Amino acid sequence: MRNLRLLRTGGCRSAAATGTPQCFCLGAEPGAVLVGSQYGLVELHPAGDSVSRELSLTVDGFLPEDGSGCIVGVEDLPEQESVCVATAAGDILLCNLNTKQVECVGSVDSGLSVMSWSPDQELVLLATGQQTLIMMTRDFEPITEKQIHQDEFGEGKFVALGWGKKETQFHGSEGKQAAHPSAWDDGRPRVTWRGDGQFVAVSAVCPETGARKVRVWSRELVLQSTSEPVSGLEQALSWKPSGNLIASTQEKPNRHDVVFLEKNGLLHGEFTLPFQKGQVKVNEMLWNADSTILAIWLEDLKSVVTTCFSTVQLWTTGNYHWYLKQSLHFGSLEENQLVSLLWDRENLYRLHILCQGWRYLFYDWHWTTDHGLGENSQHMANVAVIDGDKVLVTAFQHAVVPPPMCTYELQLQQAVNQVAFHTNPKHSGDMAVLDADNRISLYRYGESTTVDDPSVKFGVVGGNGFKAAVETPYLDKTYRVDVSSSSNEAMNPLGLRFLTWLPDGSFLVVGQGQHAAQSVLHHLTAVRDGLSLLLDLQPGGHGLRNLAASTPVLEPWRSSSSSAVQFPYRCVQTSITRISGEEVILGLTDRCRFFVNDVEVASNITSFATYNEFLLVTTNTHTCQCFCLKNLSVKALQASLSSAAAPSSETLRKVERGSRIVTVVPQDTKVVLQMPRGNLETIHHRALVLAQIRKWLDRLMFREAFQCMRKLRINLNLLYDHNPKVFLENIETFIRQIDSVNYINLFFTELKEEDFTKSMYPSLNGSSNSQPHQHPDQKKVNLISLFYCTYCLSILTAHVKKSPPELEIALQKVHDLRDVQAVSAEEALKYLLFLVDVNELYDYSLGTYDFDLVIMVAEKSQKDPKEYLPFLNTLRKMETNYQRYTIDRHLKRYTKALGHLSKCGPEHFSEFLNLVKDQNLYSEALKLYPSSTQEYKDISDAYGEYLMQKQLYEQAALILARAGIFAKALDAFQSSGSWQQALCMASRLGYTKDKLSSLARSMIHKYGRLDILETNLKPAILEAQKSQLIFLDSQKTAFLHHKSRLQVVRELKEKACENLQDYDMPNCPELELFSETSSVVTASDMNSKYSHSNSRISARSSKNRRKAERKRYSLKEGSPFEDIALLEVLGESVRAVETVKGEIHILLKQLVLFGYDEQAGALQQVLEEVLQLMETSVPEIWTPDLQQSSVNLVLGPNSTANSIMAAYQQKRMMPPVFGCEMSGRVVGLEALQALLPSNSCTVTELWWFLAFFDGVPS
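Remember, predicted model here, so these are calculated numbers, not experimental data.

Calculation notes
- Residues numbered from 1 in each chain as written.
- Predicted model: local features only at pLDDT ≥ 70, side-chain atom pairs only at ≥ 80, totals over all residues.
- Heavy atoms only, no water.
- Helix = DSSP H or I, 4+ residues; strand = E, 2+ residues; numbered from the N terminus.
- Buried < 20%, exposed > 50% of the residue type's maximum accessible area, 1.4 Å probe, protein only.
- Contact = heavy atoms within 4.5 Å.
- Pairing = 2+ DSSP bridges.
- Axes fitted to C-alpha atoms, helices over the stretch in contact; angles between N-to-C directions.
- Core = buried A, V, L, I, M, F, W, Y, C linked by side-chain atoms within 4.5 Å.
- Parallel < 35°, antiparallel > 145°, perpendicular 65-115°, else oblique.
- Left-handed = near helix turned anticlockwise from the far one by under 90°.
- Nonpolar A, V, L, I, M, F, W, Y, C, P; charged D, E, K, R; others polar.
- Arc of directions from axis to C-beta.
- Polar contact = N/O pair within 3.5 Å; in protein donor to acceptor, adjacent residues only side chain to side chain.
- Salt bridge = Lys/Arg side-chain N within 4 Å of Asp/Glu carboxyl O.

Asker: Hey, could you run me through the overall build of the chain in this one?
Answerer: The secondary structure content of the chain amounts to 34 helices and 54 strands. The buried share of the chain, reckoned over its 1258 residues, is 47%. Contacts spanning at least 24 positions in sequence make up 53% of the contacts within the chain whose residues lie at least 6 apart.

Asker: Help me understand the sheet that holds strand 16 (residues 212-218) in this model?
Answerer: Think of a sheet as strands paired side by side through backbone hydrogen bonds, with each pair either parallel or antiparallel. If you walk across this open sheet you meet the 4 strands as 14-15-16-17, and the pairing is antiparallel. What marks the edges here is a single partner per strand, and that holds for strand 14 (190-193) and strand 17 (223-226). Put simply, the sheet's adjacent strands are angled 20° from each other on average, direction ignored. Taken together, the 7 bridges between strand 15 (residues 199-205) and strand 16 define a ladder with antiparallel strand orientation. Bridged to S203 within strand 16 is V214.

Asker: Looking at this structure, how should I read the sheet that holds strand 29 (residues 370-371)?
Answerer: Strand order in the open sheet made by the 5 strands is 29-30-31-32-36, with antiparallel pairing throughout. Edge positions in the sheet fall to strand 29 and strand 36 (456-458), since each has one partner strand and no second. With 6 bridges joining them, strand 30 (residues 382-387) and strand 31 (residues 390-395) adopt antiparallel strand pairing. Bridge pairing links V385 to L392 in strand 31.

Asker: What exactly am I supposed to notice about the pairing of strand 47 (residues 599-602) here?
Answerer: Pairing of strand 46 (residues 594-596) with strand 47 involves 3 bridges; the strand directions are antiparallel. Within strand 47, the residue paired with F594 across the bridge is A602. Hairpin connection from strand 46 to strand 47: 2 residues lie between these consecutive antiparallel strands, with N597 at a positive phi of about 60°.

Asker: In this structure, what is going on with the nonpolar core? I would like to understand it.
Answerer: In globular proteins that are soluble, nonpolar side chains generally tend to be buried together. Among the nonpolar cores identified, the biggest contains 29 residues, and I693, I714, L719, F727, F734 and F747 are the most heavily contacted of them. Going through the elements one at a time, helix 2 (686-698), helix 3 (702-711), helix 4 (718-721), helix 5 (724-729), helix 6 (731-738) and helix 7 (741-750) are the ones with two or more residues in this core. Apart from the residues lying within four places of it in its own chain, the contact partners of L719 are L697, A705, F706, M709, F727, F734 and F747. L1046, V1134, L1151 and A1160 belong to the second largest nonpolar core, which has 26 residues in total.

Asker: Looking at this model, I keep getting lost on the packing of helix 15 (residues 880-890) against helix 17 (residues 909-919). Mind explaining?
Answerer: How two helices sit against one another is set out by the angle between their axes and by the gap between those axes. Closest axis-to-axis distance for the helix 15/helix 17 pair is 14 Å, and the angle between their directions is 20°. With respect to each other, helix 15 and helix 17 are oriented roughly parallel. When the axes of helix 15 and helix 17 are compared, the crossing they make is left-handed. Contacts between helix 15 and helix 17 involve Y882, Y885 and R889 from the former and E911, L915 and D918 from the latter. Of the residues in the contact of helix 15 with helix 17, the class split is 3 nonpolar, no polar and 3 charged.

Asker: Just to check I follow, could you spell out helix 22 (residues 979-988) for this structure?
Answerer: Owing to its 3.6 residues per turn, the α-helix brings residues three or four apart onto one side. Regarding helix 22, the residues found buried are A982, M985 and A986. Down the axis of helix 22, the sector holding all buried residues measures 105°, keeping them to one side. Immediately beyond the C-terminal end of helix 22, within one or two residues, lies G990, with a positive phi of roughly 80°.

Asker: Explanation requested: the side chain of R194 in the structure shown.
Answerer: Examined against the element boundaries, R194 turns out to sit in the loop between strand 14 and strand 15. Residue classification places R194 among the buried positions, given a relative accessible area of 15%. Separated by 2.7 Å, the side chains of R194 and D196 make a polar contact. With near-sequence residues (within four places) excluded, R194 lies in contact with P119, F199, W239, G243 and K263.

Asker: I would appreciate a short explanation of the pairing of strand 24 (residues 309-318) in the present structure.
Answerer: In regular strands, side chains alternate between the two faces of the sheet. For strand 24, a buried count of 8 out of 10 residues is recorded, marking the element as mostly surrounded by other parts of the structure. Here 7 bridges tie strand 23 (residues 294-300) to strand 24, and the two strands are oriented antiparallel to one another. Along strand 24, the bridge assignment pairs W297 with V312. For strand 24 and strand 25 (residues 321-329), the ladder comprises 8 bridges, and the chain directions are antiparallel. In the sheet register, L314 faces strand 25, and the bridge partner there is Q326. The turn joining strand 24 and strand 25, which pair antiparallel and follow one another in sequence, is formed by 2 residues; a positive phi near 55° is taken by N319.

Asker: Looking at this structure, how should I read the pattern of salt bridges?
Answerer: Any two side chains of opposite charge can pair if their charged atoms end up close together. Under the counting rule described, the total for this entry stands at 33 salt bridges. The partner of E75 in a salt bridge is R345, and the shortest N-O contact between them spans 3.9 Å. Taken together, the residues span a long stretch of sequence, with E75 in strand 6 (residues 71-77) and R345 in the loop between strand 26 (338-343) and strand 27 (350-355) at a distance of 270 residues. Classification of R345 as exposed rests on a relative accessible area of 56%. Salt bridges linked by common partners bring D185, D186, R190, R212 and E284 together as one network.

See below:
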């Protein structure tokens, strides 16, 4: 749905150059063009019309002076600071334009016809006059030489599967000799490289058949494949840079096609040129760098003039259809005839053209979407697509028609180059079409559509007997624009661009000035025979200009701060909108940079569109974002675009990769996107949908809002929550507009007690129309239900949706409908069964005590009449209150059942009391009888017994006392421990003094709790004794295990040290030096693996630091710190036993106190054994040398340099301890002291010992 629009044009014309240009290439300097003629090399610059540099090749004899020479190729080599030139005579030259030096680096005797460099300029391919190919390096060293015409197919030869031979297959109506040459072929080979430079295709005329064949060669000039015989294959050849297809042309019996070949030589697709057979010939074709545009250079063969009519066409593809987007007519003058054309490698959409009259032109294109600009017209969503001499128009407001189909098409006489919609919002569907002959055709909507316009044809929406509901425009007038000063002046195709149809009916168009960097703004108005040029304005520069309506004066566009606005980079799409009430200009470059005025707000925007106060953008991250600009600042917009919004955000929506915005349908919620392959997708962005719904609700257009919400799955609560006050005031309008019972019921079923304007659909602009509820004490559903009294089924829905549901009322209304003709009770009941389960509804109908209604519902259920009819007949025979009691008990509504049963008389009281006991309905039962009745007393008696069973003695006593049952209340108070209330009850019962005294003594003895020693204390003491025995036994076992392992480790360390000492050499003066440094080196080496972790641990807390220090010592056998870890564990065991001595002493005394002498003696004996073991093991584990080293290594504020040095010398003279000086490590003072046990671990301290068991220990 995009068109190619000319963004900029320029060029130069050199009158000083001699000869005729033959070929050209782009120079390394920006804007430089190198042109080769029959006399030499010329460098042109578009900034000036004169020749900047010129180099003659006739002086050294490389070209003849008579002008008969020919240059077949020119290539600029920036790294060598020279230009490579190939002549038809066979010379390969390196020319330096600065020094004017020419060097011949090679020569071919048979001459050259083609020189083609690879895209990376690492290789050069030469086609010689002897039909050979020579591949050379960039230094012109030959790699290989091959004949162009090869008999074999190549390395990619197809594998025969035995399905017949090629010779026996059908070759068309002309037989096996169908492949014939084109009549206009010049016979020269054509060479084209793939975009990555790995393969090169060569098209040459076969000497046997005279027809062309395309051969694909590798980078090493190894033949890969040969094309199949193609009849009428022509000379033009271009490999698509993306690498999948090779384009050429084919002349067929009835048409002229552009065909595509695969790398394997097979045909793959085609499209037809808009010419008759033999009308034009195709000279060359070229792909642009990103493979999106195919340029075709044609010449008219049927021109009445002597020279041919040259044309350049630009073709694009989308959705498997080829569109002719631009057509450049260069006229029939000889100086306007084309020499060559090139696409720019850096600027993807710049086309360079060289004419024979030394006129160089370049065109910068960009993609644009031409669509209507209005908001109130019925033709505001039209999008126009250029396709040759047709304009395909799609009216998205009526239908989304995928391209290449359309709603209708406009047929013109010439190829179309530009389409402009009317800028007047009331006529936004009117179009002005500028064709290749500079004629403007105006198409308008109006009354003249009664006459069929033959130039307007329906697309897919009309014909075949169906009447189209879409209005089509008619051709109003056609004007011719002539801005040239002289008819003999060299023609510049597409001299007009940016056609704009102003609201007053005049036109603005931009033309090319006299200089390349100058543009002219033409203001055109209609006269009798054409468009008259009213004014030429020359803006100069690239800033934004404001054309005042009253006076035709160009002024710079100024921001709110009165500063001129100028985009830092050229923008290909612009739009005017308002941000926070300020009018700004939005701009988007071809590099995805997005500007607001001159401030860049994002660099990842692929397309954008504005609609009312909304801005929609698509990004490189494949999202479509929508922003409300009403209360949004530029900085906030910049921050929103730079930060990734939440996936569930209302402003963001994921889209397919490469999606671009085509248009936004005004007064609707549709956003049309086009995918890279060309197909369309329509999305309804949630932000636009909610904004449009709010507008409809503000205008009381409930039907449109409801239909949109129903279609797009918007919660219907928004109808009410948007503005509750307005909705309730206009509820009759809502019912009248909806006018559908089903829709109203759907609305009821979605109602919830929640404000959706705050939870699910908050407003983007920060403001909300939601008003506080007028009836805050009533729920939303119940409040709306009060207003629906018109529709019967809606009333039923309202009762069902209430909280809690009023199913009894709904059933009663169904019952009442039996006398109403509007809606039958049968229909109402059927609808009610749709909302509620039939079994649940049957129970509710039974609860209405209306047997007719029960039978009506039962008939709609799956119940067997043999089951419910006897039950209903039994109920009919009962007394009314007992009947309702039976029904309520059947429905398990026990509270209601109690109420009906209480009215059945005293004869049913026993049944009443049993129901109360079964369902624990004591509180409800007490409310049904006065407190003075015997029934009340009986219920209270049963309630008290129930509470006594639950051990709620005090509550039971209160219930019994209130009913006058004092004897049972006395027992309950006694059980609860309330002796004061118990004495009160005794006085109420008339107890004598002796009886009261006896009651008091019994309660005193009862609450003394002399049994607590036997039930709690003694079992706890015995349990503690068992725990201490288990603890001491585990400590003893672990101590013995670690002690024996420590002895083994020390023996291993002593052996290791002895082995090291065996290598010491006697009488070596350096031995002492080595011994001093060995411990340091060893310590550093042993601790190297901990250095990194220690550096991290140093930054942690002290608690973590101690924890990390403990982790250094592992009990794992064989670890380097196992001996230190064993010392640490043994010390902890000693300290643990020392800690529990006090606890065991207290426990021993308690055991003796309660007569558990045997248990006390066993515990004391075990503790004595453990202490004796540890006391005897301390000297073996912690040797005197270790304890002495811990005393001597004292540092601190009281130490002096002499004392520290003396301690250090003493340490040096000490013998090694624990094997090899603590495993060769230097242990700190604090760590060494932590390994030593406390001195109090002795048995001789008798404060914990009970001597009367076995005597004092020795």
